[in-house]
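Reading the structure
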Amino acid sequence: MKKLFEVYCFECSNYFKSKSYMISTLLICVLAIVSISLPGLLSGRSSGGDGSKKEDKNAIAETMAICDPEGLISDDLIHSYGKAEIKRMNSEDEVKSAVQSENADAGFVIRSDHEYDYYVFNQTMGADNNELFSELMSTAAKTKYCKDNNLNYDELIKLDQKNIVCHENVLGKDSRTNYWYSYILVILVFFVIIMYGMMIATSVANEKSNRTVEILVTSTTSTSLLFGKVLAGATAILFQLGLIFASLLGAYSLNRENLGGMLDIVLDIPADVLVTFAIFGLGGFLIYAFMYGALGALVSKIEDLNKSAGTAQMLVMIIYFLVLFQMMEPDGIIMKVLSFLPVSSYSAMFIRIAMGSVATWEIIIAAVILYASVIGMGFVAAKIFRNSTLRYGNPIKLTNALKGLRSKE
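Worth saying up front: this structure is predicted, and the values here are computed from it rather than measured.

Within the protein, the secondary structure is distributed over 16 helices and 4 strands. Sorting the 409 residues of the protein into buried and exposed places 41% on the buried side. Within the protein, counting contacts between residues at least 6 apart in sequence, those at least 24 apart form 70% of the total. About 23,400 Å² of surface is accessible on the protein, with carbon and sulfur atoms providing 60% of the total.

Spelled out as C-alpha cells, the structure:
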C-alpha cells in the first residue's frame, strides 16, 4: 500500500506540474466563463431601460409596389407591420416594371383574398417579405370576412389570441426535460474515457520505450505502478472537471437573469442524478483506464500505440452509439442489458436513472458488478503489464498476452 501511495503521489505531481495540463484547464475554464457571460452582457446592453427588448417592426420592404384591384389591403394595415413607402399600381406589368427598375424593393399583385404574386429583383439571404405579406394578407382576409358577415373583428382576434393555460404535473420523470443533460453527460464521459485513457496508455508506453520501467519495477510492484497511474489519472479528471463545472455554473448563476434562464434545462440537474452519474462514470473510467494501461504495455514504440489501443477505442465507440440510439427507450430490453454490463453500465444505467424507471436493487447490483469488474480488470491489467514489461520489439498481440495470464510465474 505504501508503494502504491508513492506511485500515486508521483503521478499526481506529474499531472499538476505539467504546464500543458494546467494551461489547458485554465483556458477551458476561462472559455466557459466567457461563453456564458458574453451573451448575457450583450443581451443586457441590447435591452431597453426596463430590461425588455425593443421590438423591431421595420422588417417589411421599405418600398412596395402593390396592385390591389379590389382594395383588399389598406395603407394603415401595411404600416401596422412596419414603415414602408407604398406605390399603388394599376396592373401587373407596372409592378414588374417598378421592381425591375429598382423603384420598388418588392412587388405584390393581389389575385384574391387568399392569393397573390410576389416579385423581387434580387433575393437576399434572410429576406422574408413574402412571409410578412402572407401574414398581412391573412389579417386582411379575416377583416373582410368579419365585415361581410357582420362580425366584430376585434372580438374575433381576442378569441384567436386567447392564451390556453396548461398546468402540467409530471408525477414520475420527465424524459423530455432530462434528455438534454443526459445526452451531454453521456458525450462527456465518452470523451473523458477516450482522452484520459489514451494519456494513461501513452504514459505506460513511454516508460517502456525509454526503458524507465526497468528501473521502476525494481523499486515497486507492477500492480502498484499501474494502479497508481490509473488512480492519479482519475484524480486529475475529477480536479479538472470539477474546476470547469464550477466555472460554468458560477458564470451562469451570475448571468442567469440576462440569459432568461435559457440553460436551466441543461444545467438544472437533480442532485441524485449527479451522484449516480459520478458513481457510474468513475467506475466506467476506471475499468477502461486499466484496459488502456494494459494495452499500452503491449507496445515498445509510441507509433504502435494507436493500433494496440484500437480494441478499447472500438469497444467504447460501440457502447457510445448503442446507448445514444437507445436513449428514447430507456426502459427497453437493450438498455436493461447494457445497464448491467460493466463495460456499458457507466452510461446505460445513468440514462435509465435519469429518464426511465429503475428499482433501487438494480442500481445496487449494477454498481457492485461494475466495481467488482474494476478490481478484476485492474489485477488482470497489472499481470499483463508485468508479463510485457521486458518484452520489446514488435507489438504483443492481445490474444498472446491473455494466454500468458494462464502461465505460472
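Having put the structure on the table, let's press on.
In this structure, Glu102 is a non-glycine residue whose phi angle is positive, near 65 degrees. Take Glu102: it is sitting in the loop between helix H4 (92-100) and strand S3 (106-112). Residue class for Glu102 comes out exposed when judged on its relative accessible area of 55%. Located in the positive-phi region is Asn150, a residue other than glycine, with phi close to 55 degrees. As for its position among the elements, Asn150 is in the loop between helix H5 (129-148) and helix H6 (153-160).

What follows deals with a nonpolar patch on the surface. On the surface, Met314, Ile318, Leu322, Ile333, Ile334, Val337 and Leu341 cluster together to form a nonpolar patch covering roughly 610 Å² of accessible area. Secondary structure elements with two or more residues in the nonpolar patch: helix H12 (305-325) and helix H13 (333-338). Mapped onto the elements, Ile333 comes out in helix H13. Classification of Ile333 as exposed rests on a relative accessible area of 61%.

What follows is about the pattern of salt bridges. Under the definition given, this model contains 6 salt bridges. Between Asp75 and Arg88 there is a salt bridge whose closest N-O contact spans 2.6 Å. Taken together, the residues Asp75 in helix H3 (residues 75-79) and Arg88 in strand S2 (residues 85-88) connect sequence positions 13 residues apart. We classify Arg88 as partly exposed; its relative accessible area is 38%. The salt bridge partner of Arg111 is Glu92, with a shortest N-O separation of 2.8 Å.

Definitions and cut-offs
Residues numbered from 1 in each chain as written. Predicted model: local features only at pLDDT ≥ 70, side-chain atom pairs only at ≥ 80, totals over all residues. Heavy atoms only, no water. Helix = DSSP H or I, 4+ residues; strand = E, 2+ residues; numbered from the N terminus. Buried < 20%, exposed > 50% of the residue type's maximum accessible area, 1.4 Å probe, protein only. Contact = heavy atoms within 4.5 Å. Areas by Shrake-Rupley, 256 points an atom, 1.4 Å probe, with all protein chains shown as cover. Patch = residues over 30% accessible without salt bridge, like charges linked within 9 Å, V, L, I, M, F, W, Y side chains within 5 Å. Salt bridge = Lys/Arg side-chain N within 4 Å of Asp/Glu carboxyl O.

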